[in-house]
Amino acid sequence: MEGEPVNVNEFQELARQALPKMYYDYYNGGAEDQYTLKENVEAFHRITLRPRVLVDVSRIDLSTTVLGYRVSAPIMIAPSARHKLAHPEGEVATARAAVACNTIMVLSFMSTCTVEEVASSCNAIRFFQLYVYKRRDVSAQLIQRAERNGYKGIVLTVDAPRLGRREADIRNKMIAPQLKNFEGLISAEVDNDKGSKIEAFVKGTIDASLCWRDLGWLRSITNLPILIKGVLTREDAIKAVEVGVDGIIVSNHGARQLDYTPATISVLEEVVHAVGGKVPVLLDGGVRRGTDVFKALALGAQAVLVGRPVVYGLAAKGEYGVKRVIEMLKDELELTMALSGCPSVKDITRSHIRTKRERLLSML
């Protein structure tokens, strides 16, 4: 590829060229047949836009709020693990890019930079992703460290009681480097010569007994707002509201857990309707264009989270690459809003998009 990328998708090829195959496959791969991995992106393509004309769009305002925090656009950085495999500066570079773009970064529980290193690197609005370990004290200590270092929310990931079958990692015998956050708390060393060491590590550490009643335990050890990440059905959305979460992230874990789950954009509206405005709903998965962001907002998301494109930008061009990924999405969203007759985020409505089902029904 010659010259600078002109869209987010082009960073993927640059990342492939920059990374060892094992690491590129780790970031790029999904579970089993990777049906959901493809669907996360392709489902956006089946939604078309219904632009309005003769609206004053001489000024476009992309800004919005997430849990009361003002951001420049409804585009956040999703939690994704082990950024130092992509770039030597790891999550510190990603956090600095988040500050430059005035958005929120969710730091992965499996980050390769410590909670403290990321916090001291810049004055970003940061949330902290949480997995619950069999040793609850490990998770509790990480939460306490996040609170002490100014993190503003907890993103509880609930769709990984076991690790999904990621066949590229099995073939590559993907290694699980020791994570600095856990030094002195837990070892990443596992005895497994048959496949992914990450899979073996997760199986030995993640608490598969975690259930709804444990939200009470989590509430008892933190005053931070709790968002639950990994909801795909109205039933779980209703339950999440009942147990008192502060937000819901519609996510299938980037298609890395259970294959043949629906694309997140295809179930977003179901979750939004189930929640009924009681808590904000965000979307994670498959966002590659500003038009994708627009479609998610039209279906009721307050914001989207972007994962793989951020890692690809980091691998290709470090902090600058992450900034360019976010800026490209913002620029495309701004243009989409202008051409659709939406001067601000609040002007984007359900009537601005049409799903494939609605198009088919209109032909009957």
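As a reminder, the structure under discussion sits directly above these lines.
Residues numbered from 1 in each chain as written. Predicted model: local features only at pLDDT ≥ 70, side-chain atom pairs only at ≥ 80, totals over all residues. Heavy atoms only, no water.

J.: Talk me through the packing of aromatic side chains; I want residue IDs and the actual numbers.
T.: In total, this model carries nine aromatic pairs according to the counting rule given. A centroid spacing of 6.1 Å and a plane angle of 75° characterise the contact between Phe128 and Tyr151, whose relative ring orientation is edge-to-face. Of this pair, Phe128 sits in strand β6 (residues 125-130) while Tyr151 sits in the loop between α6 (136-148) and β7 (154-157), placing them 23 residues apart in sequence. Among the residues examined, Phe128 registers a relative accessible area of 0% and is labelled buried. Tyr151 gets classed as buried once you look at its relative accessible area, which sits at 2%. In textbook terms, an aromatic cluster arises when at least three aromatic residues are bridged by ring pairs, as seen for Phe109, Phe128, Tyr131, Tyr133, Tyr151 and Phe182. The positively charged end of Arg136 is found above the aromatic ring belonging to Trp217, 4.7 Å away from the centroid. For the cation-ring pair, Arg256 lies above Tyr26, with the distance from its terminal atom to the ring centre recorded as 5.0 Å. (Phe/Tyr/Trp six-rings, centres within 6.5 Å; stacked < 30°, edge-to-face > 60°. Helix = DSSP H or I, 4+ residues; strand = E, 2+ residues; numbered from the N terminus. Buried < 20%, exposed > 50% of the residue type's maximum accessible area, 1.4 Å probe, protein only. Lys NZ or Arg CZ within 6 Å of the ring centre and 35° of its normal.)

J.: Residue-level account of the layout of surface pockets, with values.
T.: Approximately 360 Å³ is the volume attributed to the largest pocket. Along the wall of the largest pocket there are 24 residues; nearest its centre are Thr157, Val158, Asp159, Leu210 and Cys211. Only β7, α9 (214-221) and β8 (226-231) provide two or more residues apiece to the lining of the largest pocket. Per element, the largest residue contribution to the lining of the largest pocket is four residues, and it comes from α9. (1 Å grid on protein atoms, 1.4 Å probe; cavity = no way out; pocket = protein on both sides within 12 Å on 5 of 7 lines; lining within 4 Å. Points joined across faces, edges and corners; volume = space filled by probe spheres on them.)

J.: Before we move on, could you go through the pattern of salt bridges and cite the residues and values that matter?
T.: For the structure on display, the rule yields 15 salt bridges. A salt bridge links Glu117 to Lys180; its shortest N-O distance comes to 2.6 Å. With a gap of 63 residues between them, Glu117 in helix α5 (residues 115-121) and Lys180 in the loop between α7 (167-172) and α8 (197-205) connect regions that are remote in the sequence. Across the pair Glu327 and Arg324 runs a salt bridge whose closest N-O atoms are separated by 3.0 Å. Within this pair, Glu327 and its partner Arg324 are both found in helix α13 (residues 308-340), separated by three residues, close to a single helical turn. (Salt bridge = Lys/Arg side-chain N within 4 Å of Asp/Glu carboxyl O.)

J.: Got a sec to walk through the packing of helix α10 (residues 234-242) against helix α11 (residues 264-275)? Specific residues and values, please.
T.: Taken N-terminus to C-terminus, the directions of α10 and α11 make an angle of 35°; their axes are 8 Å apart at the nearest point. Relative to α11, α10 is oriented so that their crossing is right-handed. Contacts from Arg234, Glu235, Ala237, Ile238 and Val241 in α10 reach Glu270, Val271, Ala274 and Val275 in α11. Across the contact of α10 with α11, the residue classes tally to six nonpolar, no polar and three charged. (Axes fitted to C-alpha atoms, helices over the stretch in contact; angles between N-to-C directions. Left-handed = near helix turned anticlockwise from the far one by under 90°. Contact = heavy atoms within 4.5 Å. Nonpolar A, V, L, I, M, F, W, Y, C, P; charged D, E, K, R; others polar.)

J.: Describe empty space enclosed by the protein, with residues and values.
T.: Under the counting rule described, the total for this entry stands at one cavity of 30 Å³ or more. The computed volume of the largest cavity comes to approximately 580 Å³. In terms of lining, the largest cavity is formed by 36 residues, of which the most central are Pro79, Ser80, Ala81, His253 and Arg256. Partitioning the lining of the largest cavity into residue classes produces 20 nonpolar, nine polar and seven charged.

J.: Account for the nonpolar core, naming residues and giving values.
T.: Phe109, Phe128, Ile248, Ile265, Leu268, Leu283 and Met337 are the most contacted members of the largest nonpolar core, which has 103 residues in total. When residues of this core are assigned to their parent elements, the largest contribution, twelve residues, is made by α13. Non-local contacts of Phe109, meaning those with residues more than four positions away in its chain, are made with Phe128, Gln129, Leu130, Tyr131, Tyr133, Ser139, Leu142, Asn181 and Phe182. (Core = buried A, V, L, I, M, F, W, Y, C linked by side-chain atoms within 4.5 Å.)

J.: Any details on the side chain of His87? Residues and values, ideally.
T.: With respect to the helices and strands, His87 occurs in the loop between β4 (75-77) and α4 (90-100). Polar side-chain contacts of His87 include one of 3.1 Å to the backbone nitrogen of Glu89. (Polar contact = N/O pair within 3.5 Å; in protein donor to acceptor, adjacent residues only side chain to side chain.)

J.: Let's hear about helix α1 (residues 10-18): which residues, and what values?
T.: Residue pairs three or four apart in sequence face the same way in an α-helix, which turns once every 3.6 residues. Along α1, the positions that sit buried rather than exposed are Phe11, Leu14 and Ala15. Down the axis, α1 shows its buried residues gathered within 100° of arc, on one side only. Of the surrounding elements, those touching the buried residues of α1 are α2 (21-28) and α13. (Arc of directions from axis to C-beta.)

J.: An account of the environment of Ala296 is needed here, citing residue identities and associated values.
T.: By the secondary structure assignment, Ala296 is in helix α12 (residues 290-298). For Ala296, a relative accessible area of 0% gives the class buried. Placed 37 residues apart in sequence, Ala296 and Asp259 show a C-alpha to C-alpha distance of 22 Å. Setting aside chain neighbours within four positions, we find Ala296 in contact with Ile265, Leu268, Leu283, Ala301 and Val304.

Distances and angles like these do not, on their own, reveal function.
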